[in-house]
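Fold and contact review
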Amino acid sequence: MSLSKLAIACSVALGAMTLTLAPASFAATAEANPKAVKAKPKAKTTKAKAAAKEAHPLAMSVADKEEADEPSTTGSASTDFNCELGNKITIYTNATDDKHIALRWKKRLHRLSRVGTTTGANRFENRLYGLVWIGIPAKGMLLDSKQGRQLANECKDAEQAKPAAVLEAAPSLGVLPVTGG
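Remember, it's a predicted structure, so these values are computed and weren't measured experimentally.

1. As for the overall build of the protein chain
Along the protein chain, the regular secondary structure elements total five helices and eight strands. Tracing the protein chain from N to C terminus, the helices and strands come up as α-α-α-α-β-β-β-β-β-β-β-β-α. Taking contacts inside the protein chain between residues at least 6 apart in sequence as the whole, the part at least 24 apart equals 30%. With an accessible surface of roughly 13,500 Å², the protein chain has 62% of that area assigned to carbon and sulfur atoms.

2. What about the packing of aromatic side chains?
For the structure on display, the rule yields one aromatic pair. Where F81 meets W133, the ring centres are 5.2 Å apart and the plane angle is 65°; that geometry is what we call edge-to-face. Here F81, found in strand β1 (residues 77-82), pairs with W133, found in strand β6 (residues 131-135); they are 52 residues apart in sequence, far enough to count as distant. Judged by relative accessible area, W133 falls into the buried class, the value being 5%.

3. What about the side chain of Q160?
When you line up the elements, Q160 lands in helix α5 (residues 158-169). At 3.0 Å, the side chain of Q160 and the backbone oxygen of P137 are in polar contact. If we ignore the near neighbours within four places in the chain, the residues touching Q160 are F81, I136, P137, A138, K139 and C155.

4. Structural notes on the nonpolar core
If you look at the biggest cluster of nonpolar residues, it comprises 15 residues, and the most contacted ones within it are I89, L103, W133 and L142. Of all the secondary-structure elements, those providing two or more residues to this core are β2 (88-94), β3 (97-105), β6 and β8 (149-155).

Rules and cut-offs
- Residues numbered from 1 in each chain as written.
- Predicted model: local features only at pLDDT ≥ 70, side-chain atom pairs only at ≥ 80, totals over all residues.
- Heavy atoms only, no water.
- Helix = DSSP H or I, 4+ residues; strand = E, 2+ residues; numbered from the N terminus.
- Contact = heavy atoms within 4.5 Å.
- Areas by Shrake-Rupley, 256 points an atom, 1.4 Å probe, with all protein chains shown as cover.
- Phe/Tyr/Trp six-rings, centres within 6.5 Å; stacked < 30°, edge-to-face > 60°.
- Buried < 20%, exposed > 50% of the residue type's maximum accessible area, 1.4 Å probe, protein only.
- Polar contact = N/O pair within 3.5 Å; in protein donor to acceptor, adjacent residues only side chain to side chain.
- Core = buried A, V, L, I, M, F, W, Y, C linked by side-chain atoms within 4.5 Å.

Below, the structure is given as structure tokens:
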């Protein structure tokens, strides 16, 4: 019984010593390294960075400026995609430039640049806005790489949607309904 009381008393004393010594050790650290005490300024948010770049166009890199400018769609072929949840995307392609596309999403036109993949999927990105378009033969999807979420999925153009519509319209084969008789 006395051993446990001694252990409790020692732990209380040790705790009290650390509380009284902590400000002194903190002050010693602050004198040795004055930068350690100063609070770090908050980093600019993504919107603030984009606004700063738009306010100072000379501060932007050439690639950022191309991604920020609304691309011209004259002479481009357009493809409309219907996505789940009623989302719509239009992609403009130019036969003379396979390294870029223009993508209309939520009433805004964005320029995306091709990124190489090992899977054969078509991947286009706009790093300034965080948009990523991935196109595979069955569908396409639009991602927000800055927030790490999907913006639109199951995006299909008229050709991609056609086989599903044909299958739904055709009667099923091989299984006949059972009738009471």
